[in-house]
Amino acid sequence: MSYGIKLRVWGDYALFSRPELKVERVSYDVMTPSAARGILEAIYWKPAIRWVIDRIHVMNPIRFENIRRNEMANRVSVNKKDMEGDRPVCRYIEDDRQQRASLVLRNVEYIIEAHFEFTSDDDRNEGKHLDMFKRRAQKGQCFHRPYFGCREFPVSFEWCDEVPQSPFEDERDFGFMLHDIDFENDRTPRFFRAIMKNGIIDCAQEVVS
Amino acid sequence: MIFQSLITLYDRLAVENKVPPYGFSIEDIGFVITIDRQGNLIGQPEDLRTKTGPQKYEFRTSKVPYTNQVNVRANAAATTPNFMVDKADYIFGMSASAKKDVHHKSFTELINEVCGDSTDEGVVAVKAFLQTWNPRDSVGLSVWKDMCGLHGKWIAFRLAGDSCFVHERPAVQTLWSGFVQKKEFSQGVSFLDGETHDIQPQYAQFKFGSGASLVSFNEVAYESYGKKKGENAPISVEAEFKSSAALKYLFRSKTQRLRIGDATTVFWAERATPVEGMFGQVLNPSMQDEAAAEDVQKFLETVRKGGMPTDIAADGEIKFYILGLSLNKARLALRFWYVCSVDELMVRLRDHFQCLEMERSDKDIPYPGIWHLLKETARETKDISPVLGGALARSILTGAHYPQNLYQGVLGRIRADQRINYLRASILKAVLTRNYNKEVPMSWDPDRKEIAYLLGGLFAVLEKVQLDALGKVNTTIKDRFFSAASATPSSVFPRLLRLSQHHIGKAEYGTVSDRRIAEIMEHVDSFPAHMGLQDQGLFAIAYYQKKNDLYRKKESKTEGEVA
């Protein structure tokens, strides 16, 4: 299959929350495949295709930093009553403030290697999708601003032809990491054993859900 | 990986019998009441606490039947009792002067449910007691106020003639173990090992001031994809219990726990190693324990020389885990999480103490702890920035730059009270060395030609001249001019030099001082109008070192006369 793409992404901050520590958020050491998928989908996605992350190259040393942010404790949930205009759909931060601590990553850079698969028999023109993605990535176009785990941490991206050498030269085991959410199966989380060899994480490793 | 390593720690401790088995927890017992076999109270409740300070107690600890639901009885508190041990309201049905029927009833019901028709003497007696006790009588108990007070903790039963508590009786423990085994959980994949297990919906809480949870989803905004509570982070019942029990053990530990600022730091190693017990003393040496301090001293002496203490040398490859936690809104927030090998840790400590190394008198502590350093940044301990402690600890452990606040804090204190002591000079030196790659000597170096360094030395000489001439004075030029001299030398030094001529004329050994001034002035072309923060630090260090230098010379010259 030659639908593969490579994308270099970098940013000042990143926060890929661990599910067990997601209230006082703590980031995984590296980007999760689902976060990478989110970045690609922000740049180009059509219902006909599904992005699959193959490998993530970690290009910068892993550094953590503490920050605290003011957030809300509730979500805006819209039900039928709200839709009928009975009450305004809004939340006021003054009534609902929560200060949350986060342990975020600092100064990250990754190279995402991915390919796409078709979801149906419609629109199966791989060349078209591939070129559109490439063109959009090269121009810096995106449907919405891609981000590293939280909207506050935007992603800079560029098309990448050659993957440079990663500074890591060892093997590290990050334990079980969120792979993606299985949306067809009651949105069950799926995990995989994230092992980084020489700075490369193979995301196609055995996934459990 | 935090949970995995905690589980490993639990398994290790379980072998040594230091952590309780599933369904139990080590908790503080404040009081015990003795009952006879008919359930009658014998004598008065016994106070098991020892007072260690105002509002501070040490408690008797005991292996207590425990479930998660009880430890987090925030909402339906009254109907989630403990088994056999609990607070006064559950046992006596009374709290202060208010009746607590629901508490008492739920407590009784749980005992009936767990014990069924057990014929164990302890169970029978407790049941009888609960049935016959009149809550109104509680107020007449001798220590009633303390029992319901803030530091009352839990109350246990004891059967007359028994040496252990009722909940420690083997029969009762068996009943309880059977009960917790029967509990049913939903199945799911645990994120720790990727296998299907019973999933614990509720993570344990820790005594951290009030109860605090490390893993909790207590507001809707924290939930994802329609998952509730523990489903958000599926963790198996066994893993949850083991990791929380290990964490509880660390929080109780005296040697493996540190409190710096608002953060609590716990640490442990993959396998047992002496570093585990030593590390806390290194970062936070306590003055009381001199024997331990001596051990640590020797240990650090070896480390500083670049060697490995013999009892640790073999453990170099062992992984060392450091976990910093602080309380944020009744939840535990992770401040830092750091894993390294013992070897790496030794290197970090060596680097840190090398950065700090500075000549000192015998009274000064050779290896200051984090707390010693922090104290130099604020006037009172309560003013110390809580964030700084964590940041400093992290920079020591990771070898990263020291926090800039540390440097500014110390400079600010010097400006305010004009005291430049060993610790302050060391901190300034450490920050300049690590953050700015500056080479700063340990003691006065006459060959250094940086203007800030020279001026710092010059200032020390000028002060000496004044003291020589006038004897003891209340305010020296240091008290008047130190901050101005270090920040804006050109506005102060010409004036000070002029003044010094008068002093030289008056003093007995004036010519010596004159020569000292000349030695330094030889390399000073002009006085800068302004010095930046880096230079101000260097100035203070030079002042400290030159002053030591002057005093030492004086002592050797006039030996015998001084004192």
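Within any chain, residue numbers begin from 1 and follow the written order of that chain's sequence. Written order decides the labels, with chains lettered from A and ligands numbered from 1. Residue-level local features of this predicted model are given only where pLDDT is at least 70; pairs of side-chain atoms are given and counted only at 80 or more, and the full residue set underlies all totals for whole chains, interfaces and linings. The side-chain numbers reported here are obtained from all heavy atoms of the structure, hydrogens and water having been left aside.

## Some thoughts on the overall build of chain A
Rules: Secondary structure is summarised from DSSP: a helix means a run of H or I of at least four residues, a strand means a run of E of at least two, and numbering begins at the N terminus for each. Here the radius of gyration uses the C-alpha set of atoms, whereas the globule reference equals 2.2 Å times the residue count to the power 0.38. Buried residues are those whose accessible area, probed at 1.4 Å on protein chains only, stays under 20% of the maximum for their type, while exposed residues exceed 50% and partly exposed ones sit between those limits. Every accessible area reported is derived by Shrake-Rupley at a probe size of 1.4 Å, with residue values counting cover from the shown protein chains alone. Only four residue types enter the tally: Lys and Arg on the positive side, Asp and Glu on the negative side, with His and both chain ends excluded. Here the site of a charge means atom NZ of a Lys, CZ of an Arg, CG of an Asp or CD of a Glu.
The helix and strand inventory of chain A stands at three helices and nine strands. What you see in chain A, going N to C, is helices and strands ordered as β-α-β-β-α-β-α-β-β-β-β-β. For 209 residues, the compact-globule estimate of 2.2 N^0.38 gives 17 Å, and the C-alpha radius of gyration of chain A, at 19 Å, lies within 12% of that figure. For chain A, with 209 residues in total, the buried portion stands at 47%. Element-wise, carbon and sulfur atoms account for 43% of the exposed surface of chain A, whose accessible area totals about 10,800 Å². Where the 33 positive side-chain charges of chain A centre and where its 36 negative ones centre are 4 Å apart.

## Things to note about the interface of chain B and chain A
Rules: Throughout, a residue-residue contact means that at least one pair of heavy atoms, one from each residue, lies within 4.5 Å. Buried area: the sum, over both parts, of the accessible surface (1.4 Å probe) that disappears when the two are put together. Criterion for a salt bridge: a side-chain nitrogen of Lys or Arg within 4 Å of a carboxyl oxygen of Asp or Glu. Whenever a nitrogen or oxygen atom comes within 3.5 Å of another N or O atom, the pair is scored as a polar contact, on the condition that within protein one atom can donate a hydrogen and the other can accept it, and that pairs from neighbouring residues in sequence are kept only if both atoms are in side chains.
Contact with chain B, which involves 35 residues of that partner, is made by 35 residues of chain A. For the pair chain B and chain A, the summed buried area comes to about 3,000 Å², and 55% of that belongs to carbon and sulfur atoms. Put simply, chain B and chain A have one salt bridge between them. Among the salt bridges present, the one from Glu24(A) reaches Arg331(B), with a minimum N-O distance of 2.6 Å. Where chain B packs against chain A, one counts 13 residue pairs in polar contact (both at pLDDT 80 or more). For the side of chain B that touches chain A, the elements supplying multiple residues, two or more each, are helix 1 (2–15), strand 15 (319–328) and strand 16 (331–341) of chain B.

## Focus: empty space enclosed by the protein
All names here are of chain B. Selection rule: Residues are called lining when one of their atoms sits within 4 Å of a cavity or pocket point, these points coming from a 1 Å grid over the protein atoms alone, where a cavity is a set in which a 1.4 Å probe fits but cannot get out and a pocket is an open set with protein on both sides within 12 Å along at least five of seven lines. Grid points are joined across faces, edges and corners, and a volume is the space filled by probe spheres set on the points. Side-chain classes are defined by residue name, with Ala, Val, Leu, Ile, Met, Phe, Trp, Tyr, Cys and Pro counting as nonpolar, Asp, Glu, Lys and Arg as charged, and the others, Gly among them, as polar.
This model, assessed by the stated rule, comprises six cavities of 30 Å³ or more. The calculated volume of the largest cavity comes to roughly 130 Å³. Of all the secondary-structure elements, those providing two or more residues to the lining of the largest cavity are helix 2 (68–71) and helix 8 (237–252). Counted by class, the lining of the largest cavity contains five nonpolar, five polar and two charged residues.

## A short note on the domain arrangement of chain B
All names here are of chain B. Rule in force here: Throughout, the edges of the domains are those of an automatic or database domain assignment.
Domain parsing of chain B yields domain 1 (17–181), domain 2 (253–413) and domain 3 (449–551). Its C-alpha centre places domain 2 at a distance of 36 Å from the equivalent point of domain 3. In this assembly, six residues from domain 2 lie in contact with eight residues from domain 3. Buried surface at the junction of domain 2 and domain 3, both sides included, amounts to about 580 Å², of which 61% is carbon and sulfur. Taken together, the connections running from domain 2 to domain 3 amount to five residue pairs in polar contact (both at pLDDT 80 or more).

## Notes on the pairing of strand 3 (residues 50–53) of chain B
All names here are of chain B. The following threshold applies: By definition, two strands form a pair when at least two bridges between them are found by DSSP.
Of the strand pairs in this sheet, strand 3 and strand 4 (residues 56–58) are connected by three bridges, and their pairing is antiparallel. The residue of strand 4 that forms the bridge with Gly53 is Lys56. In this antiparallel pair of consecutive strands, strand 3 and strand 4, the connection spans two residues, and Gln55 shows a positive phi of 65 degrees.

## Here's the deal with the confidence of the model for chain B
All names here are of chain B. Selection rule: By definition, pLDDT measures how confident the predictor is in each residue, and it falls between 0 and 100.
Of all residues in chain B, 94% have pLDDT values of 70 or greater, and the mean over the chain is 84. Taken together, the stretch residues 557–563 has pLDDT below 50 and engages in zero contacts with residues farther than four places along the chain or on a different chain. The complex prediction reports pTM at 0.83, with the ipTM value standing at 0.84.

## Examining the packing of helix 19 (residues 489–506) of chain B against helix 20 (residues 510–521) of chain B
Residue and element names in this part refer to chain B. Which entries qualify depends on this criterion: Here an angle of 0 to 180 degrees is reported between the N-to-C directions of two axes, which are lines fitted to C-alpha atoms, with helices fitted over the stretch in contact. What sets the label is the angle itself: under 35 degrees gives roughly parallel, over 145 gives roughly antiparallel, 65 to 115 gives roughly perpendicular, and the rest give oblique.
Interhelical geometry of helix 19 versus helix 20 gives an angle of 155 degrees and a closest axis separation of 9 Å. The pairing of helix 19 with helix 20 is recorded here as roughly antiparallel in orientation. Across the interface between the two elements, Leu497, Ser500, Gln501 and Ile504 from helix 19 touch Gly510, Ser513, Asp514, Ile517 and Met521 from helix 20. Looking at the contact of helix 19 with helix 20 residue by residue, the classes come out as four nonpolar, four polar and one charged.

## Side note on the pairing of strand 8 (residues 154–159) of chain B
All names here are of chain B. Of all six residues in strand 8, six are buried, a share of seventy percent or more. Across the two faces of strand 8 the burial is the same, with Trp154, Ala156 and Arg158 and Ile155, Phe157 and Leu159 all buried. Where strand 1 (residues 24–35) lies against strand 8, six bridges are found, and the strand directions are parallel. For Val32, the partnering residue across the bridge sits in strand 8 and is Ala156.

## A closer look at the packing of aromatic side chains
Heads up, the condition is: Two rings belonging to Phe, Tyr or Trp (six-membered ring only in the last case) form a pair when the distance between their centres is within 6.5 Å. Interplanar angles under 30 degrees mark stacking, angles over 60 mark edge-to-face geometry, and anything in between is tilted.
Applying the stated criterion across every chain yields a total of 38 aromatic pairs over all chains. Ring plane angle 75 degrees and centroid distance 5.8 Å describe the contact between Phe116(A) and Phe118(A), whose orientation is recorded as edge-to-face. The exposure class assigned to Phe116(A) is buried, which follows from its relative accessible area of 0%. Judged by centre distance (6.2 Å) and plane angle (80 degrees), the ring pair of Phe459(B) and Phe493(B) falls under edge-to-face.

## Section: the environment of Ser177(B)
Residues and elements named next belong to chain B. Here Ser177 shows up in helix 7 (residues 170–182). Overall, Ser177 belongs to the partly exposed group, its relative accessible area being 24%. When the C-alpha positions of Ser177 and Pro21 are compared, they lie 9.4 Å apart, and in sequence the two are 156 residues distant.

## Considerations on the packing of helix 1 of chain B against helix 8 of chain B
All names here are of chain B. Where helix 1 contacts helix 8, the axes come no closer than 8 Å and their chain directions differ by 75 degrees. The angle between helix 1 and helix 8 falls in the class roughly perpendicular. Packed against helix 1, whose contacting residues are Phe3, Leu6, Ile7, Leu9, Tyr10, Asp11 and Leu13, the element helix 8 presents Ala239, Phe241, Lys242, Ser243, Ala245, Ala246, Leu247, Tyr249 and Leu250 at the interface. Of the residues that constitute the contact of helix 1 with helix 8, the class distribution is 13 nonpolar, one polar and two charged.

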